[in-house]
Amino acid sequence: MSYFMSRMLARQDGVDDLCLISHISDETVGKQLHTRLMRNKIYTSIGEVLIAVNPYRRLNIYGDTHVKKYQSASLSDTNPHIYGLAERAYRRMRDNRQPQAVIISGESGAGKTESAKLILHYVSSVSGSSSTANQMKKIILECNPLLESFGNAKTVRNNNSSRFGKYLELYFNDKAEPVGGSTSNFLLEKTRVTHQGRGERNFHIFHQLFTADSQTLQHFYLTQPEDFMYTSQSGTLNVDGMDDAKTFLEVQQAMTTVNMDENEKWMIFQTLAAILHIGNVTFAGNTTPPQLSEGAEYYVQVAAYLLGVDPEALYKSITHKKITMGGRRGSVVEVPQNADQAGQIRDALAKELFSRTFDHIISRVNQVMYPKNYARGQTIGILDIYGFEIFKKNSFEQFCINYVNERLQQIFIELTIKGEQREYHQEQLPWRDVPFFDNKVVVELIEGSNPPGIMRVLDDTCKSLHAMDSRAADDGFLDKIQGTKIGSHPHLLVQGRGMFTIKHYAGDVRYTVDGFCFKNMDNLYESLEACMSVSQVALISHLWQPKEKQGRSPTTSGTKIRTSCAQLVQQLMQCAPHYIRCIKPNETKSPMQMEEKRVLHQIKYLGIGQNIKVKKAGYSFRAHYETFWQMFYMLHPKYDQLQGKPQQVIQQLCTYLSKKHPTDVPMSEWAFGTTKIFVSQPQTIFFLEELREQALDPKGYAEKVRAYEQADKEAEKLEAKMKKPKKKGKGCVIC
C-alpha cells in the first residue's frame with residue numbers, strides 16, 4: 001500500500017471517499033457527512049469530486065503549514081481537502097499542459113465564495129516566486145475586496161453572498177508561474193441596488209461609503225444610511241463580523257493596485273453617492289407628469305450636481321419617456337409618465353449607473369491583470385456564481401439565476417455521469433448504465449427554440465411592451481406560455497394569473513411574473529441616455545459613450561444571459577473540470593450543526609447518490625495506452641524488450657506488476673478498452689506513482705516523505721487547538 005495512503009487510513013474519521021460505503025442512499029451519505037462534520041472533517045470526496053460542508057466556524061486546517069503538507073504529499077495523500085483539489089488542478093495544468101477549471105456549486109451560504117478564495121490562496125502559494133509572479137499574485141489577491149465590495153451583499157441566507165457570476169482565469173508561463181489573468185462577470189443582480197428584502201442589505205460598497213471621512217461625506221451630501229431609501233428600506237444597516245470601515249480602506253488600496261488615481265476613485269464614489277440621492281427622488285399625486293414629493297427637489301438638485309447634468313434635464317428624463325415612432329426615420333415623441341412609471345424609470349437609471357460602474361471596475365482590473373504579449377496557454381479557471389435560489393417570492397432574478405445553475409448542472413451530468421458511462425460503451429467495456437435524471441429537458445423548457453422556451457416567449461412579448469403597461473405585458477406573457485406547446489410541459493405548471501412553477505433539478509420553484517417583462521427589457525429610455533451622455537463628469541460621459549445600433553430590436557436581458565451562459569459553457573467544456581459541491585448544513589448559520597432534511601434535499605438534487613454509484617461501479621482512472629506507458633514503463637525491469645501493439649505491451653506491464661504486488665495491484669484492477677486502460681481503485685494509481693518516484697528519484701522520494709511527516713505533525717498541532725464554538729458563526733468562515 002502507498003505510504004501516504006496508509007497514513008490517511010490510520011487517522012480516518014468516517015469515510016474519506018464515499019465510494020467506499022457499502023450501501024448507497026441519500027440517508028447513508030447524510031450520516032457520513034454528519035459524522036465527519038462532528039469530527040471537524042468538513043471535506044469528503046467522491047473520487048475526484050470534493051464535497052465541502054460549511055462549518056460556520058473557523059478551523060485551523062488552512063494556512064502555510066497545510067499548504068506545505070499538501071504540496072509535499074503529491075497526489076497520494078487522499079485525505080480530502082480543498083488544497084488537495086487545488087494541488088491536483090495546478091499539477092495537471094503544469095504537467096499535462098491542459099487548461100483546468102474549478103467549478104464550485106451549491107446554495108447561497110454554502111461556502112462557494114470562501115472556497116474560491118482558498119483555491120486562489122493555494123495556487124498563489126505554490127506557483128513560483130519571481131518578481132513578475134509575486135506582483136501578479138499581489139494584484140489578484142488584493143482585487144478580491146474590491147470585487148466583493150461592489151458585487152457582494154448580505155442576504156437572509158449569507159452575510160457575504162456573491163450577487164454576480166465571476167469566472168477568474170489565471171494565466172501561467174512555461175514555468176507554471178502566474179503571469180496574469182482576467183475576470184469575466186455576468187448576471188449582476190442590479191435589482192438589489194433599488195430593492196432589498198427584510199434582513200438584507202444593498203451591495204456592501206454603499207454602506208462602506210458612509211465610513212468615509214466627514215469632509216468626503218460633506219462633499220457628497222451624505223449623512224447616514226438611515227436617511228436614504230436604497231440603504232434603509234430593509235431595516236438592516238450592519239452585518240455581524242463585518243467591518244465596513246476597514247474594508248473600505250482595503251477597497252481604496254485595491255483601486256490603487258489597479259492603477260486608479262485619486263480622481264478616478266473620487267468619481268466612482270461620487271457616482272455611488274448620486275445613486276443614493278436618486279433613490280430619494282419620490283413623486284406624489286395623480287398628475288401626468290407627476291409632481292415631486294415634498295423635499296424631493298433637493299435630491300434632484302444634488303443628484304444632478306454629482307452626475308454633472310442639468311437638474312431640469314434629469315427631472316424630465318425620469319418623468320418623460322421618449323419613443324421613436326415610425327421606424328428609424330420616424331419622429332421622436334415625449335410621453336409623460338405617471339408617478340409609478342416615473343419611479344420605475346428612476347430605479348432603472350440607478351441600476352444602470354451601478355451596473356456600468358461595476359463593468360468599468362472589472363475592465364480596470366483586467367487591464368492590469370492581462371499580461372502583455374501573452375499567447376494563451378496554461379490556465380486555471382475558478383467559477384464562483386451564486387447558487388440555486390428558492391425564496392418565498394421568486395422573480396425574474398431568481399429565474400435567471402436558476403437557469404444558469406441548470407446549465408452548470410448539465411455540464412456536471414455530461415462530464416461526470418453521462419460522459420463517463422458513454423466512454424465505457426465506446427471502449428467496449430462490460431457496463432450496465434446507472435439511471436439518473438438528465439436535466440436537459442428543463443434547460444430546453446427555459447431556453448429552447450423549437451418549441452420556443454420560456455425565455456423566447458418572454459422576448460416575443462417584450463417586442464410590444466411600449467404599447468402596454470408592465471402589468472398587462474406580464475399577463476400577456478403568461479397567456480402566451482399557456483397558448484404554446486410548452487404550456488403542457490411536464491416540468492411547467494401555470495397557476496392562475498401572475499404565477500408559474502418550474503420543476504427544477506433542485507426542486508419546484510414558483511415564480512411571480514410581476515415585472516418580468518420590464519426587467520427583461522434591458523435598455524434605457526432615450527431620454528436617460530441623452531441626459532447622461534452630456535455629463536460634465538468624465539467617468540459618467542465615458543460610461544455613456546454612444547453604442548452602435550445592432551439590428552432593429554434591442555437586446556433583452558434573457559438574450560444576454562443565454563449568450564453569456566453559452567460562452568461560459570463552451571469555455572468550461574474545453575477545460576479539465578474539478579468539482580466542489582458545497583453543502584449548507586442549516587439555515588441559521590449555527591456552527592457544527594446539521595439539519596437532516598435540508599442536507600438530504602441538497603444531496604438529492606446535487607445528484608451525489610448517482611455520482612457515487614457510477615464511480616463505485618466504474619473506474620477511478622483511465623489513460624490512453626501510450627500515455628500510461630510513458631507514466632509507468634520504468635516499473636518493468638525489461639521494459640525495452642517488450643513487444644507488440646500498445647494494448648499488448650500494457651497488458652504485459654500490468655501482468656508483471658500484479659505478479660510482483662498481488663495485494664496492492666491485483667489483476668482485477670485492470671480493464672483494457674479499445675484505446676485506453678482503466679484502473680478500478682484510486683489507491684492503485686497512488687501506489688504506482690510512489691513506485692515511480694522511488695525508481696526515478698529515491699533520494700527525492702525520501703526527502704518528500706520526511707517533509708510530509710514534518711508538515712503533518714505541524715498541521716495536527718494546529719488542528720488540536722480548535723475549540724468548540726460558544727456562539728453562532730458569522731456567515732461562511734471556512735478559513
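Scroll up to find the structure this text is about.
Conventions we followed
Residues numbered from 1 in each chain as written. Predicted model: local features only at pLDDT ≥ 70, side-chain atom pairs only at ≥ 80, totals over all residues. Heavy atoms only, no water. Helix = DSSP H or I, 4+ residues; strand = E, 2+ residues; numbered from the N terminus. Patch = residues over 30% accessible without salt bridge, like charges linked within 9 Å, V, L, I, M, F, W, Y side chains within 5 Å. Areas by Shrake-Rupley, 256 points an atom, 1.4 Å probe, with all protein chains shown as cover. Salt bridge = Lys/Arg side-chain N within 4 Å of Asp/Glu carboxyl O. Buried < 20%, exposed > 50% of the residue type's maximum accessible area, 1.4 Å probe, protein only. Pairing = 2+ DSSP bridges. Axes fitted to C-alpha atoms, helices over the stretch in contact; angles between N-to-C directions. Parallel < 35°, antiparallel > 145°, perpendicular 65-115°, else oblique. Left-handed = near helix turned anticlockwise from the far one by under 90°. Contact = heavy atoms within 4.5 Å. Nonpolar A, V, L, I, M, F, W, Y, C, P; charged D, E, K, R; others polar.

A. Structural view of unusual backbone geometry. Of note, the amide linkage connecting Thr-288 to Pro-289 takes the cis form, showing an omega dihedral of 0 degrees. In this fold, Pro-289 is placed in the loop between β8 (283-284) and β9 (291-292). A cis amide bond links Asn-450 to the next residue, Pro-451, at an omega of 0 degrees. Inspection of the secondary structure puts Pro-451 in the loop between α16 (440-447) and α17 (454-462). Located in the positive-phi region is Ala-176, a residue other than glycine, with phi close to 65 degrees. Along the chain, the position of Ala-176 falls in the loop between β6 (165-172) and β7 (178-186). Even without being glycine, Leu-187 reaches a positive phi, approximately 60 degrees. Here Leu-187 lies in the loop between β7 and α7 (204-209).

B. Structural context of a nonpolar patch on the surface. Side chains of Tyr-221, Tyr-298 and Tyr-305 sit close together on the surface and give an oily, nonpolar patch of about 340 Å² of accessible area. If you trace the backbone, Tyr-221 turns up in the loop between α8 (214-219) and α9 (229-232). Judged by its relative accessible area of 39%, Tyr-221 falls in the partly exposed class.

C. Quick peek at the pairing of strand β12 (residues 378-384). In terms of burial, β12 is largely enclosed, as 7 of its 7 residues are buried. Alternating residues of β12 divide into Gln-378, Ile-380, Ile-382 and Asp-384 and Thr-379, Gly-381 and Leu-383, and every residue in both groups is buried. As paired elements, strand β3 (residues 100-105) and β12 share 5 bridges and run parallel to each other. Bridged to Ala-101 within β12 is Gly-381.

D. Structural detail: the packing of helix α6 (residues 131-151) against helix α10 (residues 244-257). Interaxial distance between α6 and α10 falls to 8 Å at its minimum, and their mutual angle equals 130 degrees. Accordingly, the angle class assigned to the pair α6 and α10 is oblique. For the element pair α6 and α10, the recorded crossing hand is left-handed. For the pair formed by α6 and α10, the contact residues are Lys-138, Ile-139, Glu-142, Pro-145, Leu-146, Ser-149 and Phe-150 on the first element and Thr-247, Glu-250, Val-251, Gln-253, Ala-254, Met-255 and Thr-257 on the second. Residue classes in the contact of α6 with α10 are distributed as 7 nonpolar, 4 polar and 3 charged.

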